[in-house]
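Topology and contacts: notes
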Amino acid sequence: MTTTEVTRTFESLNPTTGDVVGTHPIHSDDEVRAAVERAREAAAWWSALTYDERDRHLSTWKGVITRRLPQLASVMHEETGKPHGDAMLEAALAIDHLAWAAGHAGKVLKRRKVAPGLLMANQAATVEYRPLGVVGVIGPWNYPVFTPMGSIAYALAAGNAVVFKPSEYTPGVGEWLARTFLESVGRPVLQVVTGLGETGAALCRAGVDKVAFTGSTATGKRVMAACAETLTPVVIEAGGKDAVIVDQDADIDAAADATLWGACSNAGQTCTGVERAYVHERVYDEFLAALTAKARGLRADATAGSQLGPITMPRQLGVIRGHIQDALDRGGRAVVGGLDAVGERFVQPTILVDVPEDSAAVQEETFGPTVTVARVGTMEEAIARTNGTRYGLGSTVFSKARGMEIAGQIRSGMTAVNGVITFAAIPSLPFGGVGDSGFGRIHGPDGLKEFTYAKAIARQRFKPLLALTTFARTEKADQQLASMITMLHGRGTTIPKG
Ligand code: NDP
């Protein structure tokens, strides 16, 4: 990426070749504010539609994206370097989420009755989830369609307008999405603003009603600080350091296959990518042998049909090299790859063993096709070590007998049992993390509610038998209330003596 200050544009580059893919405007603070103003007008129209009407508009857009999938995949491939097939898979999953969000918004969010309780039996109580207005979406480059669409699709389906700031590495993908939306719906309910980090910062301050941020933990903190100035709520989908746990009864070949794909697909640039493996000592050797054999058959290069693309963001190469160097300096060994695996644009699969638990390769997000593999004596040790980082995004368990039990003890937003990253492709499941991985949820009913506020209404159906909310309340009413509350709640277990 290079910038030209005079013309206020920047170029997105093909990370495989360095060629210019496109030139895009650096939108200023004023331009971002203007986009938010336009979005507010569009939101007034959009939010007044019925859920069915919005579903129809979003279905039209979904059809356009689906029919032009190869075109979208080409833009993704050019800007990120990811293999065309991976780009198709990513976009296909995003389409499935769009369909789910549009189809389920009414059911999840529309007004529904709730029980008013005995004390308020004269009231009809209802709750519905209203759109917030304009949602600012700030997205990363690694999954330039799937990741922002996790916010965009759900925010739109809930009745909001969206202003989307894509990563400076993938502005073309963002523009493609906004262009096809306008073509399909005819109003700027989804707009894109492009630029560098400052454009994202401008979006935080442009009067949006919520910011949905996906990116690194460090930038997430800056976004939150900017949003704090105006009390703008945020969703933070940040980094991860996901582990796979392999129990002694696991299908070892499947576990090795999943670990390799989880660690290396998208050249390891996956927030929920596998970066650590904790393997029961009884199957450690067998697992490591299977993993190494498979990894040796995988190569990152620019040839047609290559399964691994380049590292999209050049400065990440230094982080990956640093983590490998630190691991080796501190007694670790590379059984596949190593320092030589880090080239000028590509990184070859690297498997590290005997790496101290407090090293960067185990604690920090590497974001490259690397994985540390450690031997554990028990699943309890595996769980404790899995939970031993500041992150808590996803996780994986391979076990025949104890999968659910182990999954339940991992402190992470999502866990895949006997599969890898499967949770991300199930639209009805919430997606998000804890700790340094952020907070808030996209996907599923939680993801729809994330872009709304709960609106509660209590409507009096008939005069209360006990008038409580009036200065005319009588002593008798107080006594009746005391009797009723004792009858309802006074029979709990008494406090144990001593
Ligand atoms: P960054 O944090 O560098 O950037 C994310 C977005 O924030 C980009 O659009 C960036 O713009 C923008 N930005 C940068 N500075 C600011 C600022 N001060 N205010 C507002 N916005 C700003 O992350 P990456 O793009 O490098 O993405 C990789 C990270 O994303 C990894 O840590 C990965 O784990 C995480 N991620 C998390 C996911 C999740 O769901 N939890 C999913 C996918 C990725 P610009 O690019 O123009 O600088």
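Structure: above.
As a starting point, this report considers the structure included with it.

Reading guide: rules and limits
- Residues numbered from 1 in each chain as written.
- Predicted model: local features only at pLDDT ≥ 70, side-chain atom pairs only at ≥ 80, totals over all residues.
- Heavy atoms only, no water.
- Helix = DSSP H or I, 4+ residues; strand = E, 2+ residues; numbered from the N terminus.
- Rg over C-alpha atoms; globule rule 2.2 N^0.38 Å.
- Buried < 20%, exposed > 50% of the residue type's maximum accessible area, 1.4 Å probe, protein only.
- Contact = heavy atoms within 4.5 Å.
- Areas by Shrake-Rupley, 256 points an atom, 1.4 Å probe, with all protein chains shown as cover.
- Lys, Arg positive; Asp, Glu negative; His and termini not counted.
- Charge placed at Lys NZ, Arg CZ, Asp CG, Glu CD.
- Pairing = 2+ DSSP bridges.
- Disulfide = S-S within 2.5 Å.
- Near = heavy atom within 4 Å.
- Polar contact = N/O pair within 3.5 Å; in protein donor to acceptor, adjacent residues only side chain to side chain.
- Domains from an automatic or database assignment.
- Expected span 1.5 Å × (residues − 1).
- Bend = angle between axes of the 7 residues up to and from the residue.
- Core = buried A, V, L, I, M, F, W, Y, C linked by side-chain atoms within 4.5 Å.
- Axes fitted to C-alpha atoms, helices over the stretch in contact; angles between N-to-C directions.
- Right-handed = clockwise from strand over helix to strand, strands pointing away.
- Nonpolar A, V, L, I, M, F, W, Y, C, P; charged D, E, K, R; others polar.

The next point concerns the overall build of the protein chain. A count of helices and strands for the protein chain gives 16 helices and 19 strands. The globule rule puts the C-alpha radius of gyration for 498 residues at 23 Å, and the 26 Å found for the protein chain is close to it. For the protein chain, buried positions account for 54% of its 498 residues. Taking the intrachain contacts of the protein chain between residues at least 6 apart in sequence as the baseline, contacts between residues at least 24 apart amount to 70%. A total of about 21,600 Å² of accessible surface is found on the protein chain, and carbon and sulfur atoms cover 55% of it. Where the 50 positive side-chain charges of the protein chain centre and where its 52 negative ones centre are 10 Å apart.

Quick look at the sheet that holds strand β8 (residues 190-192) now. Taken in spatial order, the 6 strands make up an open sheet running β8-β7-β6-β9-β10-β18, and their pairing is mixed. Because the sheet does not close on itself, it has two edges, and the strands there are β8 and β18 (438-439). Sheet analysis places strand β9 (residues 210-214) next to strand β10 (residues 234-237), joined by 4 bridges and oriented parallel. Pairing of Val211 across the sheet is with Val234, part of β10.

All right, on to the state of the cysteines then. One pass over the structure, following the stated rule, counts 0 disulfides. Just so you know, Cys204 is unpaired, no disulfide at all, and the nearest cysteine sulfur is the one on Cys227, 4.1 Å from it. No disulfide involves Cys264; its sulfur sits 16 Å from that of Cys271, the nearest cysteine. When its relative accessible area of 4% is taken as the criterion, Cys264 is described as buried.

Further remarks concern the site of the ligand. In the vicinity of the ligand there are 31 residues, among which Glu168, Ser216, Ala238, Cys271 and Glu365 approach most closely. Here an oxygen atom of the ligand and a side-chain polar atom of Lys165 are 3.0 Å apart. Taking Gly195, its main chain carries an N or O atom lying 3.4 Å from an oxygen atom of the ligand. Calculation on the ligand without its partners gives an accessible area of 910 Å², and the protein chains cover 91% of this total. Elements that contribute at least two residues to the shell around the ligand include exactly α7 (197-204), β9 and α8 (217-228). No fewer than three residues from each of domain 1 (2-238 + 444-453) and domain 2 (242-430) sit in the shell around the ligand.

With that settled, the discussion passes to helix α1 (residues 29-48). Relative to the 28 Å expected for 20 residues at 1.5 Å per residue, α1 spans 29 Å between its end C-alpha atoms, a close match to the ideal helical length. A maximum bend of about 25° is found in α1 at Ala42. Looking only at α1, the buried set comprises Val32, Ala35, Val36, Ala39, Ala42, Ala43 and Trp46.

In this structure, Trp61, Phe287 and Val373 are the most contacted members of the largest nonpolar core, which totals 115 residues. Sort the elements by how many residues they give to this core and helix α4 (residues 84-109) lands first, with 11 residues. If you count residues domain by domain, this core takes at least three from each of domain 1 (2-238 + 444-453) and domain 2 (242-430). Non-local contacts of Phe287, meaning those with residues more than four positions away in its chain, are made with Val246, Ile252, Ala255, Ala256, Thr259, Ala277, Val279 and Val373.

Read across the sheet, 7 strands follow the order β13-β14-β15-β12-β11-β16-β17 without closing on themselves; strand pairing throughout is mixed. Both edges of this open sheet fall to β13 (333-336) and β17 (416-417), since each of them pairs with a single strand only. Across 2 bridges, the pairing between strand β16 (residues 396-398) and β17 is parallel. Bridging across to β17, Val397 finds its partner in Val417. Across the face of the sheet, helix α10 (residues 284-296) comes into contact with β11 (242-246), β12 (274-280), β13, β14 (350-353) and β15 (370-376) while running at roughly 165° to β15. Running at roughly 30° to β14, helix α11 (residues 316-329) makes contact with β13, β14 and β15 of the sheet.

On to the pairing of β11, then. Of all 5 residues in β11, 5 are buried; the element is thus mostly enclosed. Judged by which residues are buried, β11 turns out to be covered on both faces: Asp242, Val244 and Val246 on one side and Ala243 and Ile245 on the other are all buried. Two strands pair when backbone bridges link them, and β11 and β12 are joined in this way by 5 bridges, in the parallel orientation. Paired with Val244 across the strands is Ala277, a residue of β12. Taken together, β11, helix α9 (residues 252-264) and β12 form a β-α-β motif whose crossover is right-handed. As judged from the 3 bridges shared by β11 and β16, these two strands associate in the parallel manner.

All right, on to the packing of α1 against helix α2 (residues 51-67) then. Two numbers describe how α1 lies on α2: the axes approach to 8 Å, and their chain directions differ by 115°. Here Trp45, Trp46 and Ser47 of α1 lie close against α2, whose contacting residues are Arg54, His57 and Leu58. Along the lines of polarity and charge, the residues of the contact of α1 with α2 split into 3 nonpolar, 2 polar and 1 charged.

Right, let's talk about the side chain of Ser12 for a bit. Within the element layout of this structure, Ser12 appears in strand β2 (residues 9-13). Here the side chain of Ser12 touches Glu79 through a polar contact of 3.0 Å, side chain to side chain. Not counting chain neighbours up to four residues away, the residues in contact with Ser12 comprise Asp19, Val20, Val21, Gly22, His24, Glu79, Glu168, Tyr169 and Pro171.

Structurally, the position occupied by Glu365 is in the loop between α12 (360-363) and β15. Accessibility expressed as a relative area gives 18% for Glu365, which makes it buried. Along the chain, Glu365 and Gly139 lie 226 residues apart, while their C-alpha atoms are 18 Å from each other.

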